[in-house]
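A structural walkthrough
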Amino acid sequence: MLFIDFLRNHRFASFLLTVVRIYLGWEWMKSGWEKISGNAPFDAYGFLVAAAKKSTGDHPAVQPWWADFLNAVAIPNAGLFSFLVQWGEFLVGLGLVLGCFTTLAALMGVMMNFAFVLSGTTSTNAQMLLLGIFIVVAGFNAAKLGLDYWVIPLLRNLTRHDWNEQIGGYRFKI
């Protein structure tokens, strides 16, 4: 709990997390942009098929349940997954670099890293996963030195009103 308190509340952690956030965001943004602007259109089909094949043998790198998901959902919809990967990587990176919707961006990055790791890749995914988890756990403290410093209070003020509503004869105060 002491470490979580440090991540969420300490000023030094805010500065450290800003460096981590910008590094992680740059890596995501760069990877996504390479896929978006590459000479050939990005196609995840080959990666997905190769990942599904890694689920056999004595020591499979991919769990059978994940291979079932890949075969039943991802491979038949490879075009959609290609779009989601390239734009997801870029937008996650942009959010992290700018510090805008930081926790959501980091959470989506964590989800993509989990998908890549579950698909049998390592590379920098484990490192990016760990850094992303730190940002998610830190919450707003990871974004104090970013656009969220202004965006989050603005959104809170825009959505906060006196919620005395009468619904079906009952009064709710939220």
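Thresholds, definitions, all that
- Residues numbered from 1 in each chain as written.
- Predicted model: local features only at pLDDT ≥ 70, side-chain atom pairs only at ≥ 80, totals over all residues.
- Heavy atoms only, no water.
- Helix = DSSP H or I, 4+ residues; strand = E, 2+ residues; numbered from the N terminus.
- Rg over C-alpha atoms; globule rule 2.2 N^0.38 Å.
- Buried < 20%, exposed > 50% of the residue type's maximum accessible area, 1.4 Å probe, protein only.
- Contact = heavy atoms within 4.5 Å.
- Core = buried A, V, L, I, M, F, W, Y, C linked by side-chain atoms within 4.5 Å.
- 1 Å grid on protein atoms, 1.4 Å probe; cavity = no way out; pocket = protein on both sides within 12 Å on 5 of 7 lines; lining within 4 Å.
- Points joined across faces, edges and corners; volume = space filled by probe spheres on them.
- Nonpolar A, V, L, I, M, F, W, Y, C, P; charged D, E, K, R; others polar.
- Axes fitted to C-alpha atoms, helices over the stretch in contact; angles between N-to-C directions.
- Parallel < 35°, antiparallel > 145°, perpendicular 65-115°, else oblique.

Below, the discussion takes up the overall build of the chain. Secondary structure assignment for the chain yields eight helices and two strands. Ordered by position from N to C terminus, the α and β elements of the chain give α-α-α-α-α-α-α-α-β-β. For a compact globule of 174 residues, the expected C-alpha radius of gyration is about 16 Å, and the chain comes in at 20 Å, more than 25% above that figure. Each principal axis of the C-alpha distribution contributes one length, and for the chain these read about 60 × 50 × 40 Å. Buried residues in the chain amount to 34% of all 174 residues. Residue pairs in contact within the chain that sit at least 24 positions apart in sequence constitute 69% of those at least 6 positions apart.

Turning to the nonpolar core, a few remarks are in order. By size, the foremost hydrophobic cluster in this structure holds 18 residues, and its most contacted members are Leu17, Leu24, Trp28, Leu96 and Ile135. Broken down by secondary-structure element, the contributors of at least two residues to this core are helix 2 (11–37), helix 5 (78–98), helix 6 (102–118) and helix 7 (125–138). Ranked by residue count, the leading element in this core is helix 2, at five residues. When residues no more than four places from it in sequence are discounted, the contact partners of Leu24 are Leu96, Met128, Leu131, Gly132 and Ile135. Judged by nonpolar contacts, the second largest core, of 11 residues, contains Ala51, Val62, Trp66 and Ile75.

The next point concerns the layout of surface pockets. Space left empty within the atom packing is revealed by a probe, the size of a water molecule, rolled over the atoms. Approximately 790 Å³ is the volume attributed to the largest pocket. For the largest pocket, the lining is made up of 35 residues, of which Trp28, Val85, Glu89, Met112 and Phe116 are closest to its centre. Grouping the constituent residues of the lining of the largest pocket by class yields 24 nonpolar, seven polar and four charged.

Packing of helix 1 (residues 2–9) against helix 2 leaves a shortest axis separation of 6 Å and a crossing angle of 75 degrees. Taken together, the axis directions place helix 1 and helix 2 in an arrangement best described as roughly perpendicular. Along its contact with helix 1, which presents Phe6, Leu7 and Asn9, the element helix 2 presents Arg11, Phe12, Ala13 and Leu17. Tallied by class, the residues present in the contact of helix 1 with helix 2 amount to five nonpolar, one polar and one charged.

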